[in-house]
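Architecture and fold: a report
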Amino acid sequence: MKEIKSSSRAKVTIVDVAKYAGVVPSTVSHVLNGTAQITEETKAKVLHAIEVLHYTPNASARNLRQKRTRLIGVVLQDISSEFYAKCTASMLKEALKDKYALMVMDACFDNNNVKAQVSALIERRVEGIVFVGGGNDEDILQEVEKYNIPVVLGDRNDGRHPCVEFNNEETVSHLICALYESGYRKFAYAGEPLEIQENLKYRYQGFVKGLDMCGVPEKDRLRVVTKELHIDKIDAAYAAFMKFFTDENKRPIPDVILTSNDLIAQGFVAAALESGIRVPEELGIVGFDDISVSKFFQPPLTTICQDKDELGIHCYRLLKKVIEGGREQEHVILKQKIQNRKTTNIPEEIMSKYIL
């Protein structure tokens, strides 16, 4: 092999490594990224060249020899969300105990972003990936599978991968029954398009199931689902309430509105109060997620609580189990809790019947 002298001033390139090892640059790339079958003899030459020349990714080369990177990828829908941020923080705490490092990617509600983020994770040879939230990304999951990278789904379930999810449908149906028994008769659901995230489908299914169980007729059911509520939740919720739930639209105002998250609910409460509609005396409003400000909101928000820390801990532990050879089809279901506060009138004796 031809010797190449490296200088502290000149950055060693992949071409330099290839020349030293007597291979083409693409072979070096394949060795580093594990993207092709390379003979052990050739791989040894490349790794030796990387170490001799002090090529920047030499940490990756050592990991290739050890077959471990101790890196875990986490793909979120929106890292600015309190729900996703707290879930990730709990995963990070657990991973640090086992000397794993997390690489967190923000999909920003866009599957094109997910593809780019996942490609970056694959290039860095993560040992597993947790996808929290999202949906309609089967092609992306299949791409990950090509590299034999374990996948765990958080707050969703596609029926194929190990997952950790909440009992959305059961919880919402119980809440609807509690509302009905408390005297509510006209119901509305408001939120983002259901196809955006799988958990939204289960929440809406729970809404319909509860109405069916209580015998609520179709004329007393209203669904308001718009993409605007997915992006700019509070402002969009305020505008949506003025459009759909005030006298100007000539539609009957429901007795209670179940929303897909707390920010939408808070926008609705603000719009209702400004419109002269009393909450909860004339209109009940329910949120979802129980973010930290909801109990301090005025009036305090009735909402469905799902433990963000518990979700993160279970996602990490399940992925670690799969990485270490555990069962691949494990399915963990976490229970939610209904926080009965002041934006609805549900007597505690009724609410107690529906505690899961």
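The text that follows walks through the structure, step by step, so that each part is easy to find.

Criteria and thresholds
Residues numbered from 1 in each chain as written. Predicted model: local features only at pLDDT ≥ 70, side-chain atom pairs only at ≥ 80, totals over all residues. Heavy atoms only, no water. Buried < 20%, exposed > 50% of the residue type's maximum accessible area, 1.4 Å probe, protein only. Helix = DSSP H or I, 4+ residues; strand = E, 2+ residues; numbered from the N terminus. Pairing = 2+ DSSP bridges. Right-handed = clockwise from strand over helix to strand, strands pointing away. Salt bridge = Lys/Arg side-chain N within 4 Å of Asp/Glu carboxyl O. Axes fitted to C-alpha atoms, helices over the stretch in contact; angles between N-to-C directions. Contact = heavy atoms within 4.5 Å.

**With respect to the pairing of strand β8 (residues 256-259)**
Along β8, one buried face is formed by V256 and L258 and the opposite face, lined by I257 and T259, is buried too. Where strand β6 (residues 187-191) meets β8, four bridges bridge the pair, whose relative direction is parallel. Of the residues in β8, the one forming a bridge with Y189 is L258. As judged from the three bridges shared by β8 and strand β9 (residues 284-286), these two strands associate in the parallel manner. Bridge pairing links L258 to V286 in β9. A crossover connection joins β8 to the parallel β9 through helix α12 (residues 262-274); in handedness this β-α-β unit is right-handed.

**Some thoughts on the environment of Y20**
Inspection of the secondary structure puts Y20 in helix α1 (residues 14-21). Put simply, Y20 and V52 are 32 residues apart on the chain and 9.3 Å apart in space, counted from C-alpha to C-alpha.

**Focus on the pattern of salt bridges**
Inspection of every chain in the model, using the stated rule, returns 21 salt bridges. Note that R156 is salt-bridged to D137, the shortest N-O span being 2.8 Å. Placement of the pair is R156 in the loop between β4 (151-154) and β5 (163-166) and D137 in the loop between β3 (128-132) and α7 (138-146), with a sequence separation of 19 residues. The same class applies to R156 and to D137, which are both buried. Here E198 and R156 are joined by a salt bridge, their closest N and O atoms 3.6 Å apart. Separated by 42 residues along the polypeptide, E198 in helix α9 (residues 198-214) and R156 in the loop between β4 and β5 bring together distant segments of the chain. No difference in accessibility class separates E198 from R156, as the two residues are buried. The network of salt bridges with common partners includes E94, K97 and R317.

**Some details on the sheet that holds strand β1 (residues 71-76)**
Sheet strands associate in pairs through backbone hydrogen bonding, adopting either a parallel or an antiparallel arrangement. Pairing within the open sheet is parallel, and its six strands lie in the order β2-β1-β3-β4-β5-β11. A strand with exactly one partner marks an edge of an open sheet, and here the two such strands are β2 (101-106) and β11 (331-334). Neighbour to neighbour, the strand axes of the sheet diverge by 15° on average, direction disregarded. In this sheet, β11 lies alongside β5 in parallel orientation, the contact comprising four bridges. The residue bridging E165 from the neighbouring strand is I333, located in β11. Its contacts with the sheet put α7 on β3 and β4, and the angle it makes with β3 is roughly 170°.

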